[in-house]
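# Observations on chain architecture
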Amino acid sequence: MVLESWAASLPEDGPEGDSYEWVMHEEGSLLELDWRPVLKALNDDLLAGVSRCRMARKFHESLVNLVFDVAERFSQDRLVLGGGCFQNAFLLEGLMGMAQSRACVLSLPQRVPCNDGGISLGQAAAAVRQWKG
């Protein structure tokens, strides 16, 4: 919530596409997201005196880019979002904006809370799917 607040407090005059870069490694069907470049860039910005608001904004933009990079990797044009992180309005608005520009459909919970209240429903759905084979 603090990062969201910092990111949202920065005026919208930052450079376009100002974000940290993720690295994805692929071995067979396993996709690994490497956080090290993001952490190094955050540390570099910290040492360079970049404001915490700018770093929080860049981090949020990085997460938005990551979601769509992974979706693109798996050729998905429809994403179902759930989990407490989507209570973050700044992150959700970024995802919605990116979805529009990429002609991607986002689905959000309507009758189930997106936070921990929906975990058991997801677990039940996974169990039914596994049970049905």
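Throughout the structure, instances matching the rule amount to two aromatic pairs. Note on Trp 22 and Trp 35: the rings are 4.7 Å apart at their centroids and 80° apart in plane angle, and the pair reads as edge-to-face. Here Trp 22, found in the loop between helix 1 (2-9) and strand 1 (23-27), pairs with Trp 35, found in the loop between strand 2 (30-34) and helix 2 (36-47); they are 13 residues apart in sequence, far enough to count as distant. Plain terms: the ring middles of Trp 35 and Phe 59 are 6.3 Å apart, the flat faces sit at 35° to each other, and that makes the pair tilted. Pair noted here: Trp 35 is in the loop between strand 2 and helix 2 and Phe 59 is in helix 3 (residues 52-73), with a separation of 24 residues, a long-range link. Its relative accessible area of 44% is what places Trp 35 among the partly exposed residues. Residue class for Phe 59 comes out buried when judged on its relative accessible area of 15%. One aromatic cluster in this structure is built from Trp 22, Trp 35 and Phe 59. Above the plane of the ring of Phe 74 lies Arg 73, whose end atom (NZ or CZ) is 4.8 Å from the centre.

This part covers the state of the cysteines. Under the counting rule described, the total for this entry stands at zero disulfides. Take Cys 104: it sits in no disulfide, and the sulfur closest to it among the cysteines is that of Cys 85, at 16 Å. We classify Cys 104 as buried; its relative accessible area is 12%.

Take the pattern of salt bridges next. Within this structure, the stated rule accounts for six salt bridges. Of the charged contacts in the structure, one is a salt bridge between Arg 54 and Asp 18, with a shortest N-O distance of 3.8 Å. On the criterion of sequence distance, the pair formed by Arg 54 in helix 3 and Asp 18 in the loop between helix 1 and strand 1 is long-range, its members being 36 residues apart. A relative accessible area of 19% means that Arg 54 is categorised as buried. Classification of Asp 18 by relative accessible area gives partly exposed; the value is 21%. A salt bridge links Arg 73 to Glu 26, with the shortest nitrogen-to-oxygen separation between them at 2.0 Å.

What counts, and at which threshold
Residues numbered from 1 in each chain as written. Predicted model: local features only at pLDDT ≥ 70, side-chain atom pairs only at ≥ 80, totals over all residues. Heavy atoms only, no water. Phe/Tyr/Trp six-rings, centres within 6.5 Å; stacked < 30°, edge-to-face > 60°. Helix = DSSP H or I, 4+ residues; strand = E, 2+ residues; numbered from the N terminus. Buried < 20%, exposed > 50% of the residue type's maximum accessible area, 1.4 Å probe, protein only. Lys NZ or Arg CZ within 6 Å of the ring centre and 35° of its normal. Disulfide = S-S within 2.5 Å. Salt bridge = Lys/Arg side-chain N within 4 Å of Asp/Glu carboxyl O.

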